[in-house]
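Chain by chain, the residues:
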Amino acid sequence: MQKKPIRKNPGDAHGNLEEIEKAEKVLSAGSKIDLKVARALEELEMPFTAFVLAEPKEFSQIRAGIMRRFGLADSMCIYITFNTGFGKLESGFARENINTENIRFVDLISKTAGSRLEKKKNVSYLDGPSDLTELILLAEKLLNEAEQKKSFIILDSVSTMLVYNDSSTIEKFLHALLEKINGFGATAILLSSDLTGHEEITSTISQFVDKMVKI
């Protein structure tokens, strides 16, 4: 997969980072996370693909910071979760004041965990974390449904996928998924927590994306 060039976006709507840095000491914890996310991804202009290694103790806050930065009103977000069931995820986003109106959730963990499946229009449940072929087909369907809207995909998370799938299977799946995403001109962020001991897959995935960052 050929990487797209990283482009500076001097007109970023989130403001001048230098000015934000001056006020960093008085920012709330959430705002500091948003600043870290902005610094890490400031060079990327949509559409792009990124592999984000998030500090485990700040994983949920970093996830929320990414949603605040890229979950724009004029875009459709496809949120693929291997990590947290839809009900808990939706409640967490509500606490973070993240609007879920334009988010389509694809939940691959709730059935396996035996969680209650909430029947809502914006969620699809797959049988389990190894149902990767069906996931590719569903992702393509949702990207088609986006029509003229910008599409933004989050995969949460690679580290959880490794609990249920071997690294070779994950590498093949992510390569195929990112090919689909690039074909639709969509943006994608692959999230992961600590991958210590999995340096080989980290290196391989980094070759599939425009940028790999640690936050």
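Please read these numbers as outputs of a predicted model, since none were measured by experiment. (Residues numbered from 1 in each chain as written. Predicted model: local features only at pLDDT ≥ 70, side-chain atom pairs only at ≥ 80, totals over all residues. Heavy atoms only, no water.)

Draft legend 1. Geometry of the overall build of the chain. Summing up its helical and strand segments, the chain has nine helices and seven strands in all. Pairs at least 24 residues apart make up 75% of the contacts formed inside the chain by residues separated by at least 6 positions. Roughly 10900 Å² of accessible area belongs to the chain as shown, and the carbon and sulfur atoms make up 47% of that amount. (Helix = DSSP H or I, 4+ residues; strand = E, 2+ residues; numbered from the N terminus. Contact = heavy atoms within 4.5 Å. Areas by Shrake-Rupley, 256 points an atom, 1.4 Å probe, with all protein chains shown as cover.)

Draft legend 2. Region of interest: unusual backbone geometry. Going from Met 46 to Pro 47, the amide bond is cis rather than trans, its omega being 0 degrees. Relative to the elements of secondary structure, Pro 47 occurs in the loop between α2 (29-41) and β1 (49-53). Going from Asp 156 to Ser 157, the amide bond is cis rather than trans, its omega being 0 degrees. Relative to the helices and strands, Ser 157 is located in the loop between β5 (150-156) and α7 (158-164). Even without being glycine, Asn 97 reaches a positive phi, approximately 60 degrees.

Draft legend 3. Quick look at the pattern of salt bridges. Per the counting criterion, the structure on display carries 11 salt bridges. The residue Lys 180 makes a salt bridge to Glu 140 at a minimum N-O spacing of 3.3 Å. Taken as a pair, Lys 180 in helix α8 (residues 167-183) and Glu 140 in helix α6 (residues 132-145) lie far apart in primary sequence, 40 residues in all. One continuous salt-bridge network, built from bridges that share partners, spans Asp 34, Arg 68 and Glu 96. (Salt bridge = Lys/Arg side-chain N within 4 Å of Asp/Glu carboxyl O.)

Draft legend 4. Structural context of the packing of aromatic side chains. One pass over the full model with this rule turns up six aromatic pairs. Relative to Phe 93, the ring of Tyr 79 has its centre 5.6 Å away and its plane inclined at 75 degrees; by these criteria the two rings are edge-to-face. Of this pair, Tyr 79 sits in strand β2 (residues 75-81) while Phe 93 sits in helix α4 (residues 86-95), and the two are 14 residues apart along the sequence. Classification of Tyr 79 by relative accessible area gives buried; the value is 0%. On the basis of relative accessibility, which here comes to 2%, the residue Phe 93 falls in the buried class. Ring plane angle 65 degrees and centroid distance 5.1 Å describe the contact between Phe 86 and Phe 105, whose orientation is recorded as edge-to-face. (Phe/Tyr/Trp six-rings, centres within 6.5 Å; stacked < 30°, edge-to-face > 60°. Buried < 20%, exposed > 50% of the residue type's maximum accessible area, 1.4 Å probe, protein only.)

Draft legend 5. Molecular detail of the sheet that holds strand β3 (residues 103-107). Read across the sheet, seven strands follow the order β4-β3-β2-β5-β6-β1-β7 without closing on themselves; strand pairing throughout is parallel. This sheet does not close on itself; its edge strands, each paired only once, are β4 (123-125) and β7 (211-214). Direction aside, neighbouring strands of the sheet carry axes that sit 15 degrees apart on average. Here five bridges tie β1 to strand β6 (residues 187-192), and the two strands are oriented parallel to one another. Residue pairing in the sheet places Leu 53 in a bridge with Ser 192 of β6. Of the strands in this sheet, β2, β3 and β4 touch α4, which is tilted by about 145 degrees from β3. Lying on the sheet, α8 is in contact with β1, β5 and β6; it crosses β6 at an angle near 155 degrees. (Pairing = 2+ DSSP bridges. Axes fitted to C-alpha atoms, helices over the stretch in contact; angles between N-to-C directions.)

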